[in-house]
Amino acid sequence: MKLRGTMKVNLAGHLEIGGYDAVQLARDFGTPLYVMDEAMIREICGQYRASFIMKHHAEVFYASKAFLTMAMCRIIEQEGLGLDVVSGGELYTAIKAKFPPGRICFHGNNKQLDELRLALEYGVGRIVVDNYREIEMLGSLAEQMGRTAEVLLRVSPGVEAHTHEYIKTGQIDSKFGFTVPNGQALDAVKRCLAVKSLELRGIHCHIGSQVFEMESFGYTAGIMMELARDIYRETGLEIKELNLGGGFGIYYAEGDEPSRIEKYAEAVTDAIARKAGEYGLKPPRLMIEPGRSIVGEAGTTLYTVGSTKEIPGVRKYVAVDGGMSDNPRHALYQARYEACLANRMNSPAEEKVAITGKCCESGDMLIWDLPLPKVEAGDILAVACTGAYNYSMSMNYNRLCRPAVVLVQDGAAEVIVERENYEDLLRNDRIPKRLRQAKPVRLASRR
Ligand code: LLP
């Protein structure tokens, strides 16, 4: 397993993250446990700051769908980034963490009236308008509230990034945004311009996630600049902001070859400058929304090994105390992960095993072929690169409790999300009165 961020192997032969022994983390906080390496998150934020904000006066909004808690909002605020939210729930988290409203960008393909109202009341900086209904809805709401909403228009540029089918969002056949090639995007611009309470600042797209080809981003930036040119020609409106979404790929397992963040910055800024020159336009302010690349590699999940099942000539299943409930990504996208035994880092691999969870579902797999030392019950398995879209996509299937999240730094660990308990699972359950009394079913007498 590749060691990332502050990970190292300590004198006890244990994995250490943020200066804290991972075996001790498992003892102190229980398993499954999400461990977030604060220094690594900050380091990557720093790289985005240097490559995009300082060098190109761009704005970087952390896509909070990847991993959001109130503590995370505080880190992002301190790092000088903005926050991308896609629901009232994410927005509420930001509000409760006192995240500066002007630095929030609000997305979503079906925003509800109360979500838009919350956004306007809190004064979020940008609302990314996705569809005709939203233009009408936001327009009249803003007017009623005596506000002007600063908006970007979500468009679907018709670019297909090479990634897993479900993670593509920029192609033509997509539920997101107004389509560019068929003229819908241009039409939507005109509609927005006709609404007094909306100030159209720019355009937005997102071509997909876990994208490695920097040319895809450059190419998309070019298409978006073509749209900016068409908008200018048709309406006289100069696009001031160009938001290219997120999608920068990271290393999960062998075969993944991410670029450097500076390369990403160059690919898009070069394309924008070139096209702006060609079309005689002022280059718009660049905005991006990285999610996965900020938190993905900074997260590790610790599990305790339990039962094993060996099928001679087939494979050996090793079950851990979590699974698809805390990490549904293999089940959903065949995502690949690397892992190791945190308590035996110096032992050589002796067998290939399949890591499965404890959910009642055959698809509850985390890793199919993992080389490990001879595994025993009680070993601590560390699965790397679980910082993005794990906690945020976790669920209570089989009424499993969600794990705790701890933030480690300089040898200290703090809980930022408490472990769920059985009472939490029942908090919203209600038994209707008529079901409260026992009412035995009379069984027909059997012969
Ligand atoms: N901006 C927009 C508009 C997005 O739709 C997304 C991700 C992002 C930014 C952040 O993209 P990132 O930098 O994280 O790639 N659940 C999937 C990922 C879905 C991503 C959806 N949109 C997974 O676990 O891989």
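Scroll up to find the structure this text is about.
Computed from a predicted model, the values in this text were never measured in an experiment.

1. Topic: the nonpolar core
And step 1. Counting 94 residues, the largest nonpolar core has Y48, F52, I294 and V295 as the members making the most contacts within it.
And step 2. Setting aside chain neighbours within four positions, we find Y48 in contact with I53, V60, F248, I261, Y264, I288, P290, S293 and I294.

2. Concerning helix α7 (residues 184-193)
And step 1. Considered for burial, the residues of α7 that qualify are A185, L186, A188, V189 and C192. Relative to the axis of α7, the buried residues are bounded by an arc of 160° and lie together on one face.
And step 2. Buried residues belonging to α7 abut α6 (132-144), β9 (149-156), β10 (178-179), β11 (198-204) and α8 (214-235).

3. Some details on the site of the ligand
And step 1. Around the ligand, a shell composed of 19 residues is seen, among which S209, E289, R292, R329 and Y389 lie nearest.
And step 2. Contact between the ligand and G247: an oxygen atom at 2.9 Å from a main-chain N or O atom of the residue.
And step 3. Here Y333 contributes a side-chain N or O atom positioned 2.8 Å from a nitrogen atom of the ligand.
And step 4. Surface burial for the ligand is 92%, taken as the share of its 580 Å² of free accessible area covered by protein chains.
And step 5. Residues that form the shell around the ligand fall into these classes: 6 nonpolar, 7 polar and 6 charged.

4. Things to note about a nonpolar patch on the surface
And step 1. On the surface, M1, L3 and V9 cluster together into a nonpolar patch covering about 200 Å² of accessible area.
And step 2. Its place among the elements puts M1 in the segment before β1 (8-9).

Thresholds, definitions, all that
- Residues numbered from 1 in each chain as written.
- Predicted model: local features only at pLDDT ≥ 70, side-chain atom pairs only at ≥ 80, totals over all residues.
- Heavy atoms only, no water.
- Core = buried A, V, L, I, M, F, W, Y, C linked by side-chain atoms within 4.5 Å.
- Buried < 20%, exposed > 50% of the residue type's maximum accessible area, 1.4 Å probe, protein only.
- Contact = heavy atoms within 4.5 Å.
- Helix = DSSP H or I, 4+ residues; strand = E, 2+ residues; numbered from the N terminus.
- Arc of directions from axis to C-beta.
- Near = heavy atom within 4 Å.
- Polar contact = N/O pair within 3.5 Å; in protein donor to acceptor, adjacent residues only side chain to side chain.
- Areas by Shrake-Rupley, 256 points an atom, 1.4 Å probe, with all protein chains shown as cover.
- Nonpolar A, V, L, I, M, F, W, Y, C, P; charged D, E, K, R; others polar.
- Patch = residues over 30% accessible without salt bridge, like charges linked within 9 Å, V, L, I, M, F, W, Y side chains within 5 Å.
- Salt bridge = Lys/Arg side-chain N within 4 Å of Asp/Glu carboxyl O.

Read these as geometric descriptors, not functional statements.
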